[in-house]
Amino acid sequence: MTITISAFERSPDGGMGLARDTRIRWALEEVGQPYEVRYVSFKALKEPAHLAVNPFGQIPTFEEGELALFESGSIVFHIAQRYRGLLPDDANARARAITWMFAALSTIEPPILELQNAKLLESDKPWAKERLPLVQDRIRARLRQLVAHLGDAEWLDGAFSAGDLLMVSVLLRLRPSGLLNEFSTLAAFVARGEARPAYQRAFAAQLAVNKA
Ligand SMILES: N[C@@H](CCC(=O)N[C@@H](CS)C(=O)NCC(=O)O)C(=O)O
């Protein structure tokens, strides 16, 4: 059965790989599964055909036969459970890798999204300038904790896993702000993720569409 994911017809980032279809492409590349892409305009995102797959009218989605999924975390988890290469066999190591998937999405990503909202949606508010440093410091606090955990290790818990894939994907969204480069340990962690051939293929595929 063919796997079809959805992605922006034109990503607002112009192909920097920050739209969340990149993490799905990356997961599929890591496990060696081919896929097709359904490209969706901003208008079509909110139309019934797409809402039937994602009630929130967003990308990415994942369809295979009768299965239709949304939420990038759930899609990466599905891919990691179904194919070898993104989760360890040992039950405890697997549970820890899954924990890192949740940590990426529910502990690290929210303050990063808050920063994006502060910059994109709130910059004209009278309190915007005062609030920005608070939002940035909340991110720094989390990044310091992540650095303390990572130490000299290559990945978050032993071998590369879906936890690393999501954590790298989430941290990449910080790069344009300059905050990532304040933490050399994390900048190097992200660079290791980006250097993986599977990431490079995923990045190139989304770039080709956005530069076309
Ligand atoms: N929690 C969702 C967030 C999905 C999301 O925010 N998607 C963005 C693109 S990366 C989107 O579709 N934005 C357009 C919109 O919300 O209208 C996930 O992880 O899949």
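Residues numbered from 1 in each chain as written. Predicted model: local features only at pLDDT ≥ 70, side-chain atom pairs only at ≥ 80, totals over all residues. Heavy atoms only, no water.

Q: So what's going on with the layout of surface pockets? Which residues, and what values?
A: Using a probe with the size of a water molecule, rolled over the atoms, empty space left in the structure can be pinpointed. When its volume is computed, the largest pocket comes out at roughly 1000 Å³. Elements that contribute at least two residues to the lining of the largest pocket include exactly α2 (42–45), α4 (72–82) and α5 (91–120). When residues in the lining of the largest pocket are grouped by element, the largest group, nine residues, is from α5. When its residues are assigned to classes, the lining of the largest pocket shows 19 nonpolar, 10 polar and eight charged. (1 Å grid on protein atoms, 1.4 Å probe; cavity = no way out; pocket = protein on both sides within 12 Å on 5 of 7 lines; lining within 4 Å. Points joined across faces, edges and corners; volume = space filled by probe spheres on them. Helix = DSSP H or I, 4+ residues; strand = E, 2+ residues; numbered from the N terminus. Nonpolar A, V, L, I, M, F, W, Y, C, P; charged D, E, K, R; others polar.)

Q: Hey, could you go over the sheet that holds strand β4 (residues 67–70) for me, with residue numbers and the actual values?
A: The strand order across the open sheet formed by four strands is β2-β1-β3-β4, and the pairing between neighbours is mixed. Each of the sheet's edge strands pairs with one partner strand only, and the pair in question is β2 (36–40) and β4. Sheet twist, expressed as the average angle between the axes of neighbouring strands with direction ignored, equals 20°. In this structure, strand β1 (residues 3–8) lies alongside β2, joined through five bridges in parallel fashion. By the bridge assignment for β2, Ala 7 is matched with Tyr 39. Helix-sheet contacts for α4 involve β3 (61–64) and β4, and the interaxial angle to β4 is about 130°. (Pairing = 2+ DSSP bridges. Axes fitted to C-alpha atoms, helices over the stretch in contact; angles between N-to-C directions. Contact = heavy atoms within 4.5 Å.)

Q: Break down the pattern of salt bridges for me, citing the residues and quoting the values.
A: Taken as a whole and assessed by the stated rule, the structure comprises 17 salt bridges. Of the charged contacts, one joins Glu 47 and Lys 43 as a salt bridge, the two residues approaching to 2.8 Å between their closest N and O atoms. A relative accessible area of 32% places Glu 47 in the partly exposed class. Notably, a salt bridge pairs Arg 96 with Asp 157, separated by 2.9 Å at the nearest N-O pair. (Salt bridge = Lys/Arg side-chain N within 4 Å of Asp/Glu carboxyl O. Buried < 20%, exposed > 50% of the residue type's maximum accessible area, 1.4 Å probe, protein only.)

Q: For the site of the ligand, give the residues involved together with the corresponding values.
A: Inspection of the region around the ligand gives 13 residues, with Lys 46, Gln 58, Ile 59, Glu 71 and Ser 72 positioned closest. Within the contact set of the ligand, an oxygen atom lies 3.0 Å away from a side-chain nitrogen or oxygen of Arg 20. Summarising the interface, the protein chains cover 78% of the accessible area of the ligand, which totals 510 Å² for the free molecule. Counting atoms within 2 Å of the grid points, the majority share of the ligand lands in the largest pocket. Among the residues making up the shell around the ligand, the classes are represented as six nonpolar, three polar and four charged. (Near = heavy atom within 4 Å. Polar contact = N/O pair within 3.5 Å; in protein donor to acceptor, adjacent residues only side chain to side chain. Areas by Shrake-Rupley, 256 points an atom, 1.4 Å probe, with all protein chains shown as cover. Sits in = over half its atoms within 2 Å of the grid points.)

Q: So what's going on with unusual backbone geometry? Residues and values would help.
A: Cis geometry marks the peptide bond from Ile 59 to Pro 60, where omega comes out at 0°. By secondary structure assignment, the location of Pro 60 is in the loop between α3 (48–51) and β3. Phi at Glu 71 is positive, roughly 75°, even though this residue is not glycine. Looking at where Glu 71 falls in the secondary structure, it is placed in the loop between β4 and α4.

Q: Give a description of the nonpolar core that names residues and reports values.
A: Grouped together as the largest cluster of nonpolar side chains are 54 residues, with contacts concentrated most on Ile 79, Leu 86, Met 167, Leu 171, Leu 174 and Phe 189. Sorting the residues of this core by element identifies β1, α1 (21–31), α4, α5, α6 (128–150), α7 (162–172), α8 (184–195) and α9 (197–211) as the ones contributing at least two each. Per element, the largest residue contribution to this core is nine residues, and it comes from α5. Leaving out residues up to four positions away in the same chain, Leu 86 has contacts with Ala 27, Glu 30, Val 31, Ile 79, Ala 80, Phe 160, Ser 161, Ala 162 and Leu 165. (Core = buried A, V, L, I, M, F, W, Y, C linked by side-chain atoms within 4.5 Å.)

Q: Break down α4 for me, with residues and values.
A: For α4, every residue scored as buried is listed here: Ser 72, Gly 73, Ile 75, Val 76, His 78, Ile 79 and Ala 80. Buried residues in α4 make contact with α1, β3, β4, α5 and α7.

Q: If you had to explain empty space enclosed by the protein to someone new, which residues and values would you point to?
A: All told, the structure shown has two cavities of 30 Å³ or more when counted by the stated rule. In this structure, the largest cavity occupies an estimated 60 Å³ of space. Gly 17, Leu 18, Ala 19, Arg 20, Thr 22, Arg 23, Ser 169, Leu 172 and Arg 173 are the residues that line the largest cavity. Secondary structure elements with two or more residues in the lining of the largest cavity: α1 and α7. Residue composition of the lining of the largest cavity, by class: three nonpolar, three polar and three charged.

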